[in-house]
Amino acid sequence: MNRFNATLMCGCVCLATFTSAGVAQSHPAPWLDTASAGHARPIPGPVYESPAFTRAVASGMRTRTGRPGPRSFVQNARYTINATLDVATDRVSGRERVVYVNNSPDTLFRLMVYLRQNAFKPESPRRDITPLTTGVDLTRVLAGREVLTAMSSRASRAGYTIEASVMRIVPPQPLLPHDSITLEFEWSYTPPLTPSDGRQGREDHLYFMGYWYPQMAVYDDVSGWVADPYLLEAEFYMDMADYDVHITAPRGWVVGATGSLQNADAVLSASARDKLAQARSTGNVVTISRPETADQTFNGSDANSTWHFTARNVRDFAWGASDRYVWDATRALVSNGTRTDTVAINSYFRISQPAAAWALGGARYTRDAIEQLSKYIWPYPWPVMSSFEGVLTSGGMEYPMLMVMQPWSDTLSLAGDIMHETGHMWFPMQVGSNETRHPWMDEGFTQFNTAQAMRVLYGEPRFGGR
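So, how was this worked out
Residues numbered from 1 in each chain as written. Predicted model: local features only at pLDDT ≥ 70, side-chain atom pairs only at ≥ 80, totals over all residues. Heavy atoms only, no water. pLDDT = per-residue confidence, 0-100. Contact = heavy atoms within 4.5 Å. Axes fitted to C-alpha atoms, helices over the stretch in contact; angles between N-to-C directions. Helix = DSSP H or I, 4+ residues; strand = E, 2+ residues; numbered from the N terminus. Parallel < 35°, antiparallel > 145°, perpendicular 65-115°, else oblique. Left-handed = near helix turned anticlockwise from the far one by under 90°. Nonpolar A, V, L, I, M, F, W, Y, C, P; charged D, E, K, R; others polar. Pairing = 2+ DSSP bridges. Expected span 1.5 Å × (residues − 1). Bend = angle between axes of the 7 residues up to and from the residue. Phe/Tyr/Trp six-rings, centres within 6.5 Å; stacked < 30°, edge-to-face > 60°. Buried < 20%, exposed > 50% of the residue type's maximum accessible area, 1.4 Å probe, protein only. Core = buried A, V, L, I, M, F, W, Y, C linked by side-chain atoms within 4.5 Å. Salt bridge = Lys/Arg side-chain N within 4 Å of Asp/Glu carboxyl O.

Draft legend 1. Here's a closer look at the confidence of the model for the chain. For the chain, the mean per-residue pLDDT works out to 90, and 89% of the residues sit at or above 70. Taken as a whole, residues 2-32 scores under 50 in pLDDT and shows 54 contacts with residues more than four places along the chain or in a different chain.

Draft legend 2. Molecular detail of the packing of helix α6 (residues 411-423) against helix α7 (residues 439-458). Two elements in contact, α6 and α7, have axes separated by 8 Å at closest approach and are oriented at 135 degrees. By the angle between their axes, α6 is oblique relative to α7. Here the hand of the crossing between α6 and α7 comes out right-handed. Taking contact as the criterion, the partners of Leu-412, Ala-415, Gly-416, Met-419, His-420 and Gly-423 in α6 are, on α7, Glu-443, Thr-446, Gln-447, Thr-450, Ala-453, Met-454, Leu-457 and Tyr-458. For the contact of α6 with α7, the class distribution of residues is 7 nonpolar, 6 polar and 1 charged.

Draft legend 3. Examining the sheet that holds strand β28 (residues 402-405) more closely. Here 6 strands make up an open sheet; going across it, the order is β21-β24-β25-β26-β28-β27 and the pairing mixed. This sheet does not close on itself; its edge strands, each paired only once, are β21 (286-289) and β27 (396-399). Each strand of the sheet is rotated relative to its neighbour by a mean of 20 degrees, with strand direction disregarded. Packing against the sheet, helix α3 (residues 270-282) makes contact with β21, β24 (325-335) and β25 (340-350), and its axis sits at approximately 35 degrees to β24. Sitting on the sheet, helix α5 (residues 356-376) is in contact with β24, β25, β26 (384-389) and β28, with an inclination near 20 degrees to β24.

Draft legend 4. Up close: α5. With 21 residues, α5 extends 29 Å from end C-alpha to end C-alpha; this agrees with the ideal 30 Å at 1.5 Å per step. Gly-362 marks the point of greatest bend in α5, at about 50 degrees.

Draft legend 5. Just the packing of aromatic side chains, in detail. Here the structure, examined in full by the defined rule, presents 30 aromatic pairs. Taken together, a centroid distance of 5.8 Å and an interplanar angle of 70 degrees make the contact between Trp-187 and Trp-212 edge-to-face. Taken together, the residues Trp-187 in strand β12 (residues 180-189) and Trp-212 in the loop between β14 (206-209) and β15 (215-216) connect sequence positions 25 residues apart. Across this residue pair, the class does not change: Trp-187 and Trp-212 are buried.

Draft legend 6. Representation of the sheet that holds β15. As summarised here, the arrangement of the 4 strands in space is β10-β11-β7-β15, forming an open sheet in which the pairing is antiparallel. Unpaired on one side and paired on the other, β10 (159-163) and β15 mark the two borders of the sheet. Bridge analysis of β10 against strand β11 (residues 166-170) gives 5 bridges, and the strand direction is antiparallel. What sits directly across from Glu-163, in β11, is Val-166.

Draft legend 7. Seen up close, the nonpolar core. One finds Trp-212 and Trp-319 to be the most contacted residues of the largest nonpolar core, which totals 119 residues. Beyond its immediate stretch of four places on either side in the chain, Trp-212 contacts Ile-81, Ala-83, Gln-117, Trp-187, Tyr-189, Val-245, Phe-317, Ala-318 and Trp-319.

Draft legend 8. Fine view of the pairing of β24. In terms of burial, β24 is largely enclosed, as 9 of its 11 residues are buried. Where β21 meets β24, 3 bridges bridge the pair, whose relative direction is antiparallel. Bridging across to β24, Val-286 finds its partner in Ala-329. Pairing between β24 and β25: 11 bridges, direction antiparallel. Within β25, the residue paired with Ala-332 across the bridge is Val-343. Two successive antiparallel strands, β24 and β25, enclose a turn made up of 4 residues, where Gly-337 displays a positive phi of approximately 100 degrees.

Draft legend 9. Representation of the pattern of salt bridges within the structure. Counting across every chain of the model gives 14 salt bridges. One salt bridge connects Arg-350 with Glu-389, and the closest N-O pair in it is separated by 2.6 Å. Here Glu-389 lies in strand β26 and Arg-350 lies in strand β25, a separation of 39 residues in the sequence. This pair shows no difference in class: Arg-350 is buried, exactly as Glu-389 is.

Draft legend 10. Just the packing of α5 against α7, in detail. Orientation of α5 relative to α7, taken along the N-to-C sense of each, is 110 degrees, at an axis distance of 10 Å. As the angle between them shows, α5 and α7 are arranged roughly perpendicular. In this structure, α5 crosses over α7, and the sense of that crossing is right-handed. Contacts between α5 and α7 involve Tyr-365, Asp-368, Gln-372, Leu-373 and Tyr-376 from the first element and Phe-448, Asn-449, Gln-452, Ala-453, Val-456, Leu-457 and Tyr-458 from the second. Along the lines of polarity and charge, the residues of the contact of α5 with α7 split into 8 nonpolar, 3 polar and 1 charged.

The following block contains the structure:
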């Protein structure tokens, strides 16, 4: 998330006092080292670890160097989702299958699942005023082959309870270490109107889906289940997972998502596929689709089209759709020293005065960000990166392999915001930190990296219009 006040301070620091003559005299602060570098240098203060972290180190799960311990583990889930967008009713519905693998040494007697759209229900706690919805409507829940029903209390028998945005499932049998369980959900919800929580929402002829499906909470070696309620304006702590997602939307609507499109032949015309190939081979910015040329862009004669995306080893999955989008594409080249990989770059935006900068540079700035940050940090690991305009009224928001942001009108602000949100593909998307509880970690690293990349490319370290 683009936080304008999340500043990482680096460089020389000293304290100044004034004599009676008004002349400034510099005196180093007690926490500065003035001997080793010839000038004042901040010395980090002590870091106090929690008792839970101390126990994780003692058990061999973690180390104090940051390396994984010899007994470390990360849980894993495989999601298969079939989602449908009904633009007549503003409704998203889905059928979902999750294979959850317990890599921990613990037997799990309960499973925690997020239903973050419940944060918009009138009775749910939240930290901001927001448009309200009816939340998630669950019509079917299975664990293994057993249909689960809602329980009025935290009973020990199989079933589930829901407290605002968190669902607690008691499976028919405890989930043993290194075993797996299959969960199934059928659900629907109405995306909140913009402005919602700065993460997702809907506008006229435009939908962006973040925090949109039942998602497994994190079970880790320090805290066990980490299922803090979603109160709006909060971000990531999610395990890596694999996704296989089908999205059905009206024919003629552009759909972009986390991951790689698997069925271009089914949803895109030959000319549109040729344009994508041209963008990938030449590195030029190529317009794949415009609203007025939809008939030449999309295959099929049915009222709806189904787009199929897959993504491996990512923390989340998000998507957007509109029949007002222009879709531009290009490519980024990322080298790891021995080989050069090609990253498909997509930019989705509406033609409007507030979003004027997007037509000039949305795809180009996304490409530049991937290439420059790959040189400065380490190579970008995924095959796709996309930028979306819409639903947000300020700043931007990151998801794996994509970002969504406000309709910037000047190019430098757009370039800076794209650089910042792209930077989050490293921190926290790959590093895996708890962005919900410790946002300073990824925001600090990301803002610093943004400044360095912006200075190289554009001679100015600004980002996000600041």
